[in-house]
Structures are given as structure tokens and as C-alpha cells.
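Reading the structure
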Amino acid sequence: MNNLTMGILAHVDAGKTTLSEAMLYLSGAIRKAGRVDHKDTFLDTYELERARGITIFSKQAVFEYNETRFDLLDTPGHTDFSPEMERTLQVLDLAVLMISASDGVTGQVKLLYKLLDHYKIPTVIFVNKMDQALADKDRCLNDIRNSLSSSCIDLSEGYDAPEIQEELAMCDEALLSDFLNGKKIEKEDIYSLVRKRNCFPILFGSALKMEGVKELLDLVSDLAPTICSSEILDSSADVKRKSTPTAGTSAFGARVFKISRDPSGNRLTHLKITGGTLNVRDVIGDEKVDQIRIYAGDKYEAVQSATAGMICSVTGLKNTSPGQGLGYLEGDTVSEVLQPILSCALLLPEDINPVTVYNDLKNLEEEEPMLRVSYPEETKSIEVRVMGEVQKEILKHILKTRFNIEAQFGPAHIVYKETIAGPVEGVGHFEPLRHYAEVHLLIEPTEPGSGISFDSNCSTDELALNWQRLILTHLAEKKHLGVLTGSELTDVKITLIAGRAHEKHTEGGDFRQATYRAVRQGLMQADSVLLEPILEYRLEVPVDCVGRALNDMQRMNGTVSAPDMEGNFSIITGTVPVACLGNYAQELSAYTHGEGRLFTTLSGYSPCHNTEEVLEEYDYYPDLDTDNPSSSVFCQHGAATIIPWDEVGSHMHIDTGWSKDSNTGTSTDLVDNIDMEALKKLQAKRASMEDTRSFSEKQRDYFAAEDELKAIFERTYGKVKPRVGNSKTEFDESSFIAPDESVRDYAVEQEKEKKHSNLSKKEDEDPNKEFLLIDGYNIIYASENLKALAQTDLKAARDSLIDILNNFQGYRREELILVFDAYRVRGGTEHVEKQGNLTVIYTKEAETADQYIEKAAHIISKKYRVKVATSDAIEQIIVFGSGAVRMSARELWKEIELTNEQIREKINK
Ligand SMILES: Nc1nc2c(ncn2[C@@H]2O[C@H](COP(=O)(O)OP(=O)(O)OP(=O)(O)O)[C@@H](O)[C@H]2O)c(=O)[nH]1
Ligand SMILES: [Mg+2]
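Residues numbered from 1 in each chain as written. Chains lettered and ligands numbered in written order. Predicted model: local features only at pLDDT ≥ 70, side-chain atom pairs only at ≥ 80, totals over all residues. Heavy atoms only, no water.

Moving on: the coordination of the magnesium ion (ligand 2). Binding of the magnesium ion (ligand 2) to the protein goes through Thr17 (OG1) and Thr55 (OG1), at separations of 1.9 to 2.0 Å. In this pair, Thr17 is assigned in helix α1 (residues 16–26) and Thr55 in the loop between α2 (47–52) and β2 (59–65), connecting sequence segments 38 residues apart. For the pair Thr17 and Thr55, one class covers both residues: buried. (Donors = N, O, S within 2.8 Å, 3.2 Å for Na, K, Ca; no water. Helix = DSSP H or I, 4+ residues; strand = E, 2+ residues; numbered from the N terminus. Buried < 20%, exposed > 50% of the residue type's maximum accessible area, 1.4 Å probe, protein only.)

Given below as C-alpha cells:
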């Protein structure tokens, strides 16, 4: 029996769920067809779906019809849930694109049509709601053929009529020549046209009245043998659709398309088996498959195994993610096209710890990866990406019901992107002692909306294939950030044009460093272009309001078509920046007294209409973004040295000979569309602004650069490994300052006991107690005075900090714990000193202060609130993950100053 995965896609409310219900009913899979309006459908099972009458989550069901087993996927039509819909596209063999006769071809339908093309999915069109009085078959047909493609052909009356035969023949050159030689076009020809996406049959009907549904079932089941056949067609479509089982192999392969949780909280990995068989207790990666479920609505049947072509949901896997390939598809990840264009801060009640919420949201992000949950240092509030208002409502509901969090959303911000205007060579070099990698990349702008692509054009004599592959993996594993605002880079092609490895010293992580740096170095030289999201709109207003509507759209930097008339309404179409449209729907409703209608769909990203303003607002300094450095690391006189991006060119070991004037690479006319003069001026201003930085900013920058080297190393090789005795750490040995000898004099046992009694004593005291863990050396080095002192007398600097903190402790409610690194001291042991009210801890050999802090924060945060003061960017993430809040060294110093002022004030009174 053939097994076909079929998805139903449409604009919101076109009748997808109703059609799914009708198919399940007619095939005998369910006894009674439910009604969306009666809140009793088989597939809209989630309480909010029933309440609102819309589908929010894609749902699956199985039915059999004419010797074919169908895995049916019903998808949400609301644009806020388009990412959920798009995820199903990764596994479809066939799509039913529904068009509501009353709405016609909407922007959303056009978007779906484009997506189906992107994923190369054979498609059948079903025009629904033909039972409604105003439904007009000819008008719909014209609309579809004009707006989508003339390969959309009406097969509702069969295919024998001469004009239909002609239309079909026009879909394929070979077929046309046969047709002109007198051949009649047969069913099989049509099936093969559909599979190759050269023809899109159209049927008409009413899902609600179950008219035309049987005809649709007949057509899709007739198509099944051709679509499921493993015969390779001459079309590129088959190459793209890797999710179709490969004939002749029994190797297991699967594509994950969705993660969700069942009502008991079990994590479900929804996947399509693309090859071989999956059995219960099979091991994927290093995880065991517990249960294999075949879902139908919210019910499921647990099975022992699932075979190629089937959709199933698996428990027991914790590390899967949508788009991931398993088995022979491992490493082959599908990335999504649609991305949220808005970002919102989550507003939480005061008594709720953002750390807990952050962790909950990270959990939720597995199910909706588009949320891109973040906790930016600057704003100190959780940010999520959202598609729109309805999704926000649903998120609020999920946070309340699943995690018992009452959250609100702050105002939405636009998600900008960046690209470049002309080709550029980016270079990166990473060579701390005993490491080596050099990478040269050609970065070229590509068509708007094309995203990022990667390629290699580098001789294997110069760089072995495995290193080349690694570089391509590193390019693909990260979202690269532009240098104007730190927004995501898009619409570029990055080609590896040269690279060098060292026979002995190159390690995998070295190429990661060199690659990331090469991208940023390239961007620093390029003319960057800020992109903003643009909507395609259709505005319907009463004729007497058209003047106002045209004015408004132009005022909002929109384009406008010449108005069309439809009855008493004027129709204007065009594009408008999302940032300008704001709440126009409300305004429209007011001035048209509720008669005007506005339809919008995301059309893509275009050069920003107010770049200068946005840059002012972002105030992003690429040089200060230490997580995304553009500099390179060279080995000079036996020491690692950071060379800034604008000087690295002459240091590189390879010269590719590439120059802006040589003819490689393509430019776009993006430059013409934006005010490059203004941009250049602004960039110059920003560059000069660095000299006007305040003292503390300069200090921050200075240390950021110094910390960078340490940070790189930790990012690349991880910090959990003990570092003493590991030869690879030698490069930063000189920069490490050994703690004073005298601190080792304490007896180990005594100290341990002290420390434990200290910590446990505190636990016994006040449950509202808070702890502040302080990374000692980081704080010393964030103060100009103490740093200078440390250079001549480290102990004096430490003592001075201890004094300052002791004073500070007297005015704080938190318990202060000051931690000093001792991990370089051979035979050094962990010990604790009590200095006044302050607890001072010296870490043991092979343990850094941040390792200690991480561990301690983890333990203490189970019971108490923990804050960590440090300036290490890496630590922030780790410590944060363990449930502690972080403050920077600068902030701690500010607080200390403030407290001192207060003390002075008190004394003076
Ligand atoms: N008159 C008429 N109404 C229909 C037909 N099909 C669906 N409807 C109605 O249209 C509304 C939306 O139907 P749904 O099946 O929920 O539409 P949907 O495409 O699944 O909607 P989303 O999942 O929210 O995108 C409901 O009120 C249905 O009863 C039809 O053929 N004729
Ligand atoms: Mg639905």
C-alpha cells in the first residue's frame, strides 16, 4: 500500500479543518464529521482552538482510501502561526492548497504558493465554499491563473475537453510536441506533470457540504502511486525532496518536523520516517526511543515500529529539534524561510524571578524555535520574537496554564536585518601558541530574500577537504551578525576561497575562530545595508475615503497602485514598511466607520527607509561586540597578539590576490536605494564617537579586548576541563596572576569544615537571604586604581578589595562571597577565610573562580537568590543557566560608590 503524507494549507478560515474532517469522515476513519462552529472537530482539540475557532497547532490523522494510506496534516492558516505551518512542509509528499471562493487569491495564498515552490511539493488546488451565494467559479479560476500560474488547470470537468488538453500540453515541452503530433494527454501524463510540479490541478467544492471532497480524494489517491514512486524524474524537484523514501535502501532515516508535549508533559518528537524502520527501544544518537505513537487528533495508538513513509511521534528523545535529519539524514538540516519580524519584552510581575521564566521559555522554545528567547544585558528583560497579536495572546495563555506565570508584553520592536552592497574578502587568522588556522572568504550580496548560502572554491591542494567541510559547517552553524546594528546577516553568499591549516597545531576549534572572524572582518570593510521588513497590502475603502487612504499610505512610506473600483469600494495595493504601518487598521476603521478593510502579508526585507534613525537608536559598536570579534589572533614573538580588523590584511599568511576591483563577485543596486552619503557620515560620526566615550566606557572596552583572548579560548575549548598540566593552555599562562603564597598555609580539613559550616549556617538562618558571589580578580581589573596596585603588589590589591567589600557588606542585605582564582597554584587547595563579615574563598588547584562560582551558584540557588558579579561574558551564560542573576564588574563598582556616598552622607549628618 502506498503511504502518502498530505498537508492542507490555506489562508485563515478557508476551511482546512472542515475539509480534513470531511476526508476523515468519507474515508471511514471517523464516524461523524465534527464542526468547527460546534467546537467538536476531531483535529482542533486544544481549548483555545475550540474557543477561537482557529487552528493553532498543526495536527495529524491517518486514513485509508483507495489502497493508499494517508498521513494527513492539518495546518494553521493564521499568519501568526505560519512557522508552525512551514515546519510541516519539510515532510509533505503532496499539498492541498485551499482557496476560499469568497476570499480569492489572498496575499497569504501567494505566500503559500511560493513556499510550496521553495520546498518543491506537488500541489493540488481545492477551491472551497462554493456553496456560498456569491461564489463564482469563473472569477476564481481567472484569479488563480492570473495570480499564481497558468499551470493551474481546472480538472473539475475531467481532462478531455480540447481547451483543457491544450492547457495541459502547455505545461511541458516534451508533452507539447507529442500533443502537436496528435497524442492525447492521458491520466498518467497528468500525474507525472503534477509530481514534477509542472501542473496544479484545480477542483471546486464545499468542505462543509462535503461536495467535491470525494472527487478530491479520488484525485489524490490516484496520484499516490506516481508521487510515491521512487523512479527518478528529470526534474530538480526530486533532488530537493530528500524526505521522500529512497528506494532500495533499508537504512533508517527520518526528518523531525515538530516538537510538542503531551498533556502529561512527555516530550514528543514528531517525525517522518524517510527510510528503513524505527523500532521501540532503537537508539538514536545516544537516546533510546521509548514509545512510537501514531496520532489521530489528540488520541494515539502506540505501535512497536514505524516504517518508511509514515509520520509518527516518538517519546524518549530529548535533544531533537524541528528540521533535524536523523539516521542517514543526520547532519542534513532544513532551515525555515518565515521568520518573526517583531520582538517584544516580556513584562513580569515583580515577585517573579526572570531566571525561572527564562528557563521555562527556553523549554517552550523547543516547540516554537522562532521565539528566539533572549535576555539582553542592556535591557535586563526577557525578549521574545513574535509574529503578531494573536500569537502573543496564545503565549500568555500557555505561560499561565503551563507555568502559572501572568505575563504581559511590552511594545513590539521591528526585527531588522543587514546585508552588504558589494563583494568583499573577509579574512580571519587564529594562532595562539600551538594553534593555527587561517580563512579567506568571499562575501557577496545575493538577491533580496535569498538568505545566506555557502560554497567552497578552494583547491584541496591548499586546504584538505575535511578542513574545508569543517569551515562550511562553522559558517552554517551560526547566525552571523551585521556590523551596523548587530542584526542578523542575510542575502549574501559566502564562499571559502582560501585557507591554511598547520600539520601539527590545527584543531577543530581553531577554524571556528578563524571563520567567524573572517566573516566579521569582511563585514567591517563592506558597505553594509540595513534592511527592514516590508508588507504587501491590499486596502479596501469606501470610494469617498480613497483620497485619505492614498495620502496615508504615501505618508507611511508605502507604494500605491492606481485605485481599482469594486462596487462602492476603491482597492489600493502596494507595499509599506512594517515600522510605519503601526496601528493603521484601527485608524482605518475609525475614518471609514468600520467599512474599510486592510489585508497584509510579509513580502520580505528591503533597505530601511530611516537607516540613520535606527542606527542612532541601536547605538551598536561592532568593535565592542566581543562575542563577535572582527580582529585576528597572531603569534608574535611567541605570544598571542590581537590584531584589529583594519590591520590584519598585511599580516595574513596567504594572499588570494582578491581585490574589490578584480572582477569576481557581484554588486547589487541596493546602494542606489539608500542614502549612502548619510550612512557614511553617520559611520564616521560613530567612529569618532569612540573618542568621546566616558572613562568607564573606555575602561570597559579596554578590558573587553583583554578578556577577549581568554574568552576565545574558553569558547573554543570549553572551560570544564581542568587546565593545569594541559599544554594547550600555555598561551595565557603569563597573563595569569598567582595568588599570594601565604594563603596556602591553612590546613585543608579545617578550611573545608569552615566553608561548609559557613554555608550551611547561612542556610539555617533566613530563607529570604540573598547571596552575592564576586569574582575577585575580575573586579580588581575593572577598577583603574586596584588594577594599578595589582601590577606592583597583588596581595595589597586583594586586601584593598577585601576592605572595600567589607565596608560594603555592612550596608547590604546579601551575604557577600568573594572568590579568588588559585587554580594555577600547584598543589593549591581550596580554602576559606572569614574577613570581618566577608567570606573569602580561594579556589583549589585546577579550578577557576568562575568554575567555583558556577558550582556554588548552582547549589545555593536551589534555596536562595543568588547574584554573581563578574565581567566574564562566558560565565554569564553558564551562571545564568544555573539560576543566578549576573551583574557586571562595572555595576558592582557603581553600587559600591553609591553605598560609599550614602555612608558619607550619614556620617556628615
Ligand atoms: N459555507 C461554508 N462554510 C465553510 C465551508 N468550509 C468551512 N466553512 C466554515 O468556515 C469557517 C472556518 O472553517 P475552518 O475549517 O475552521 O477553517 P480553517 O481553514 O481550518 O481555519 P484555520 O485553521 O483557523 O486557518 C467555519 O465557520 C466553517 O464552518 C464551506 O465549504 N462552506
Ligand atoms: Mg483549521
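By nearness alone, 20 residues border ligand 1, and Lys16, Thr17, Thr18, Asp37 and Thr55 come closest of all. Contact between ligand 1 and Asp13: an oxygen atom at 3.1 Å from a main-chain N or O atom of the residue. One of the side-chain N or O atoms of Thr18 is found 2.5 Å from an oxygen atom in ligand 1. Taking 650 Å² as the accessible area of ligand 1 by itself, protein coverage stands at 91%. Across the shell around ligand 1, the residue classes break down as six nonpolar, nine polar and five charged. (Near = heavy atom within 4 Å. Polar contact = N/O pair within 3.5 Å; in protein donor to acceptor, adjacent residues only side chain to side chain. Areas by Shrake-Rupley, 256 points an atom, 1.4 Å probe, with all protein chains shown as cover. Nonpolar A, V, L, I, M, F, W, Y, C, P; charged D, E, K, R; others polar.)

This part covers the packing of aromatic side chains. The geometry of an aromatic ring pair is captured by two quantities: the separation of the ring centres and the angle between the planes. Using the criterion set out here, one finds 10 aromatic pairs in the structure. A centroid spacing of 5.2 Å and a plane angle of 70 degrees characterise the contact between Tyr46 and Phe57, whose relative ring orientation is edge-to-face. One end of the pair, Tyr46, is in the loop between α1 and α2; the other, Phe57, is in the loop between α2 and β2, and 11 residues separate them in sequence. An aromatic cluster of three or more residues is present, and its members are Tyr777, Phe820 and Tyr842. Directly above the aromatic system of Tyr300 lies the positively charged group of Arg293, at a separation of 4.0 Å from the ring centroid. The positively charged end of Arg798 is found above the aromatic ring belonging to Phe820, 5.6 Å away from the centroid. (Phe/Tyr/Trp six-rings, centres within 6.5 Å; stacked < 30°, edge-to-face > 60°. Lys NZ or Arg CZ within 6 Å of the ring centre and 35° of its normal.)

In this section: the sheet that holds strand β37 (residues 865–870). Pairing is mixed across the open sheet formed by six strands, whose spatial order is β35-β36-β34-β33-β37-β38. With one partner strand each, in any of the chains shown, β35 (831–835) and β38 (885–888) form the two edges of the open sheet. Strand-to-strand twist of the sheet, defined as the mean angle between neighbouring strand axes without regard to direction, takes the value 25 degrees. Of the strand pairs in this sheet, strand β34 (residues 815–820) and strand β36 (residues 838–842) are connected by four bridges, and their pairing is parallel. Considered in β36, the bridge of Val819 is made with Ile841. The sheet contacts of helix α26 (residues 849–860) involve β33 (770–775), β34, β36 and β37, and relative to β33 the element is tilted by about 170 degrees. (Pairing = 2+ DSSP bridges. Axes fitted to C-alpha atoms, helices over the stretch in contact; angles between N-to-C directions. Contact = heavy atoms within 4.5 Å.)

Residue-level pLDDT values for the chain average 82, and 83% of them are 70 or greater. Predicted confidence is poor over residues 234–243, with pLDDT under 50, and the contacts of this stretch with residues over four places away or in other chains come to 26 contacts. Low confidence marks residues 685–703, where pLDDT is under 50. Its contacts with residues over four positions away, or in another chain, come to 26 contacts. (pLDDT = per-residue confidence, 0-100.)

On to the pattern of salt bridges, then. Where charged atoms from two side chains of opposite charge come close, those side chains can pair. Enumeration over the complete set of coordinates arrives at 41 salt bridges. Residue Asp71 is joined to Arg69 by a salt bridge in which the shortest nitrogen-to-oxygen separation is 2.9 Å. Here Asp71 and Arg69 have matching classes, each one buried. Among the salt bridges present, the one from Lys362 reaches Glu365, with a minimum N-O distance of 3.2 Å. Of this pair, Lys362 and Glu365 both sit in helix α11 (residues 354–367), three residues apart, roughly one helical turn. (Salt bridge = Lys/Arg side-chain N within 4 Å of Asp/Glu carboxyl O.)

Ordered by their spatial adjacency, six strands build an open sheet running β14-β13-β16-β9-β8-β17, and the pairing between neighbours is antiparallel. Edge positions in the sheet fall to β14 (299–303) and β17 (325–327), since each of these pairs with one other strand and no more. Adjacent strand axes in the sheet meet at a mean angle of 40 degrees when their direction is disregarded.

The next subject is the environment of Thr575. Within the secondary structure layout, Thr575 lies in strand β29 (residues 569–577). Placed 39 residues apart in sequence, Thr575 and Glu536 show a C-alpha to C-alpha distance of 4.3 Å. Beyond its immediate chain neighbours, meaning those up to four positions away, Thr575 contacts Ile534, Leu535, Glu536, Tyr537, Gly558, Thr559 and Ser603.

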